[in-house]
Amino acid sequence: MKLIRQKQILKQNSLIVFLAIIASCLFSNPSIGSQSTDNDGAQYVWLNQVKPANSIIKKYAIPNGYKRIITKSGSYEQFLQNLPLKPKNSELVKYDGSNVWPNNHADSIIEIDVGTRDIQQCADVVIRLYAEYLYQQKRYDDLSFNFTSGDAFPYQDYLSGKRAVVSGHSVNWAFGNRSEDTYDNFRKWLDTIFVYAGTASLARDLKRVSIKDAKIGDVFIDPGFPGHAVLIVDLAIDANGHKKAILIQGFTPAQSPHVIKSFDTDAWFSLHEGQDIDTPLWRFKASQLYRF
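What counts, and where the lines are drawn
- Residue indices begin from 1 for each chain and proceed along its sequence in written order.
- Whole-chain, interface and lining totals are the exception, using all residues; otherwise, since this is a predicted model, local features are given only for residues with pLDDT of at least 70 and side-chain atom pairs are given and counted only at 80 or more.
- In computing side-chain values, all of the structure's heavy atoms are included and hydrogens and water are not.
- Only runs of H or I of at least four residues qualify as helices and only runs of E of at least two qualify as strands under DSSP, and these elements are numbered from the N terminus.
- Exposure is judged per residue with a 1.4 Å probe applied to protein chains only, and the accessible area is read against the type maximum: over 50% gives exposed, under 20% gives buried, and values in between give partly exposed.
- Contacts between residues were defined by any pair of non-hydrogen atoms, one from each residue, lying within 4.5 Å.
- Residue exposure ignores everything except the shown protein chains as possible cover, and the areas themselves are Shrake-Rupley values with a 1.4 Å probe.
- Here the expected span of a helix is defined as 1.5 Å times the quantity of residues minus one.
- A fitted line through C-alpha atoms represents every axis, and for helices the fit uses only the stretch in contact; the resulting angles, taken between N-to-C directions, go from 0 to 180 degrees.
- Angles are sorted into four bins: roughly parallel if under 35 degrees, roughly antiparallel if over 145, roughly perpendicular if 65 to 115, and oblique for all others.
- Should the near helix be turned anticlockwise from the far one by less than a right angle, the crossing is left-handed, and should it be turned clockwise, the crossing is right-handed.
- Asp, Glu, Lys and Arg are counted as charged, while Ala, Val, Leu, Ile, Met, Phe, Trp, Tyr, Cys and Pro are counted as nonpolar; the rest, among them Gly, fall into the polar class.
- Aromatic contacts are taken between Phe, Tyr and Trp rings whose centres are within 6.5 Å, Trp giving its six-membered ring; a plane angle under 30 degrees counts as stacked, one over 60 as edge-to-face, and the others as tilted.
- Remark: a charge is flagged as sitting over a ring if the NZ atom of Lys or the CZ atom of Arg is within 6 Å of the ring centre and within 35 degrees of the ring normal.
- What counts as a salt bridge is simple: a side-chain nitrogen of Lys or Arg found within 4 Å of a carboxyl oxygen of Asp or Glu.
- Here, nonpolar core refers to any group of buried Ala, Val, Leu, Ile, Met, Phe, Trp, Tyr and Cys residues whose side-chain atoms link them within 4.5 Å.
- Whenever two N or O atoms come within 3.5 Å, that pair is a polar contact, provided that in protein one can donate a hydrogen and the other can accept it, and provided that, for residues adjacent in sequence, both atoms are side-chain atoms.

**A short note on the overall build of the protein**
Part 1: Of regular secondary structure, the protein possesses 8 helices and 15 strands.
Part 2: Per-residue burial over the protein gives 45% buried out of 292 residues.
Part 3: Pairs at least 24 residues apart make up 64% of the contacts formed inside the protein by residues separated by at least 6 positions.
Part 4: Approximately 15,200 Å² of the protein is accessible, and the part contributed by carbon and sulfur atoms is 52%.

Structure (structure tokens):
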């Protein structure tokens, strides 16, 4: 009996050592331990910690023959892949609460507010999401965007009491009392950015990239007055390196940010060098891709 007991203990100890080795391998291998596509949604500050029922990555299955791009945990790419979605058949609404019609360009609605003024339009949705990510990462020094005039307006300057006084094409600055770092003040700062930035300033300030190197977070921009901008929030790739993307947009008048319906397969758009990207409301050239 004593010999049998010793063998049982030896087996148990061997199993513990084996499991410890496996665990060590898992957590020391960056390709396994630090990459993910799933996220519980708690990082989306505007949701007030409410976990979304659905998200882009949950709703949209990858096309046949493709594999979804794996994103690093905590990255901007993962933040976009997991953007929360409103329930199916939710209305596409304008800033004033009225319905957008026709609405057949929207495949699903992002669970994020559009504000109460006609200012969060196409480029502003791109700016908002990048700013929201930086804010939840507490990267306050990176929270800065340029007006169309070229004047920079960092969030830290807003907190210090700096305010823009715009007359025509000229920007002057007034100074008041310091503001606390609160989400409400962050949104007020963003509203100022929305008013004075747009597709022209984004195209000027971001770097142009080749469509063959497209990544989640890149932006198609047709700069102008008006112009348009759409954001890549998910990517899939096949064995030959061909890519398909899910795109989201805001529009004019300001309306719910939404996943764009594709003419091809649900919401997946093919990305090819030299081939225009046709969306229901705008056509972009392959050369009009930019990156923060």
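Don't stop here, the text continues.
**As for helix H5 (residues 122-136)**
Part 1: Helix length check: H5, at 15 residues, gives a terminal C-alpha distance of 22 Å against a target of 21 Å (1.5 Å per residue), a fit within 8%.
Part 2: Extensive coverage of H5 is indicated by the burial of 15 of its 15 residues.
Part 3: Immediately downstream of H5, the backbone of Lys-138 shows phi near 60°, a positive value.

**A closer look at unusual backbone geometry**
Part 1: Looking along the chain, the bond that leaves Trp-101 and enters Pro-102 is cis, with omega of 0°.
Part 2: Relative to the elements of secondary structure, Pro-102 occurs in the loop between helix H4 (76-81) and strand S2 (106-109).
Part 3: Cis rather than trans, the peptide bond between Thr-252 and Pro-253 has omega equal to -5°.
Part 4: For Pro-253, the location among the structural elements is in the loop between strand S10 (243-249) and strand S11 (258-260).
Part 5: Backbone geometry places Asn-89, a non-glycine residue, at a positive phi of 70°.
Part 6: Positive phi is not limited to glycine here, since Lys-138 has a value of about 60°.
Part 7: Inspection of the secondary structure assignment puts Lys-138 in the loop between H5 and strand S3 (144-146).
Part 8: Residue Lys-138 is classed as exposed on the basis of its relative accessible area of 61%.

**Things to note about the packing of H5 against helix H7 (residues 183-196)**
Part 1: Their axes nearest at 11 Å, the elements H5 and H7 cross at an angle of 150°. Considering the angle they form, H5 stands roughly antiparallel to H7. H7 is crossed by H5, and the crossing has right-handed handedness. Contacts between H5 and H7 involve Asp-124, Ile-127, Arg-128, Ala-131, Glu-132 and Tyr-135 from the first element and Tyr-183, Phe-186, Arg-187, Trp-189, Leu-190, Ile-193 and Phe-194 from the second.
Part 2: Classifying every residue of the contact of H5 with H7 by side-chain character gives 9 nonpolar, no polar and 4 charged.

**A closer look at the packing of aromatic side chains**
Part 1: In total, this model carries 25 aromatic pairs according to the counting rule given.
Part 2: Both rings, one in Tyr-135 and one in Phe-186, keep their centres 4.2 Å apart while their planes meet at 20°; by these two values the pair is stacked. Of this pair, Tyr-135 sits in helix H5 while Phe-186 sits in helix H7, and the two are 51 residues apart along the sequence.
Part 3: Summarising the aromatic geometry, the rings of Phe-145 and Phe-292 are spaced 6.5 Å apart at their centres and angled 80° between planes, so their arrangement reads as edge-to-face. Residue Phe-145 is found in strand S3, and its partner Phe-292 is found in the segment after strand S15 (289-291); the two are separated by 147 residues along the sequence.
Part 4: Here the basic side chain of Arg-128 rests over the ring of Trp-46, its NZ or CZ set 5.9 Å away from the ring centre.
Part 5: Positioned above the aromatic ring of Tyr-158, the side-chain terminus of Arg-163 is 3.6 Å from the ring centre.

**Some remarks on the pattern of salt bridges**
Part 1: Using the criterion set out here, one finds 14 salt bridges in the structure.
Part 2: For Asp-184, the salt bridge is made with Lys-188, and the minimal N-O distance between the two is 3.4 Å. With Asp-184 and Lys-188 both in helix H7 and 4 residues apart, this pair spans about one turn of that helix.
Part 3: In this structure, Arg-283 and Asp-278 form a salt bridge, with 2.7 Å as the shortest nitrogen-oxygen distance.
Part 4: Several salt bridges converge on common partners, so that one network encompasses Asp-113, Arg-128, Glu-132, Arg-187 and Asp-191.

**A closer look at the nonpolar core**
Part 1: Ranked by size, the top nonpolar core spans 71 residues in total, and within it Ile-56, Leu-83, Leu-129, Trp-189 and Phe-220 carry the most contacts.
Part 2: In terms of residues, this core owes the most to one element, H5, which gives 10 residues.
Part 3: Setting aside anything within four residues of it in sequence, one finds Trp-189 in contact with Ala-131, Leu-143, Ser-144, Phe-145, Phe-153, Pro-154, Tyr-155 and Tyr-158.

**What about the environment of Tyr-60?**
Part 1: As for its position among the elements, Tyr-60 is in the loop between helix H3 (56-59) and strand S1 (66-68).
Part 2: Taking the C-alpha atoms as reference, Tyr-60 lies 7.8 Å from Ala-267; in sequence the two are 207 residues apart.
Part 3: Look past the residues within four positions of Tyr-60 in its chain and what remains in contact with it is Arg-68, Leu-85, Asp-107, Ser-108, Ile-246, Val-259, Ala-267 and Trp-268.
Part 4: A distance of 2.6 Å separates polar atoms of two side chains, one belonging to Tyr-60 and the other to Asp-107.

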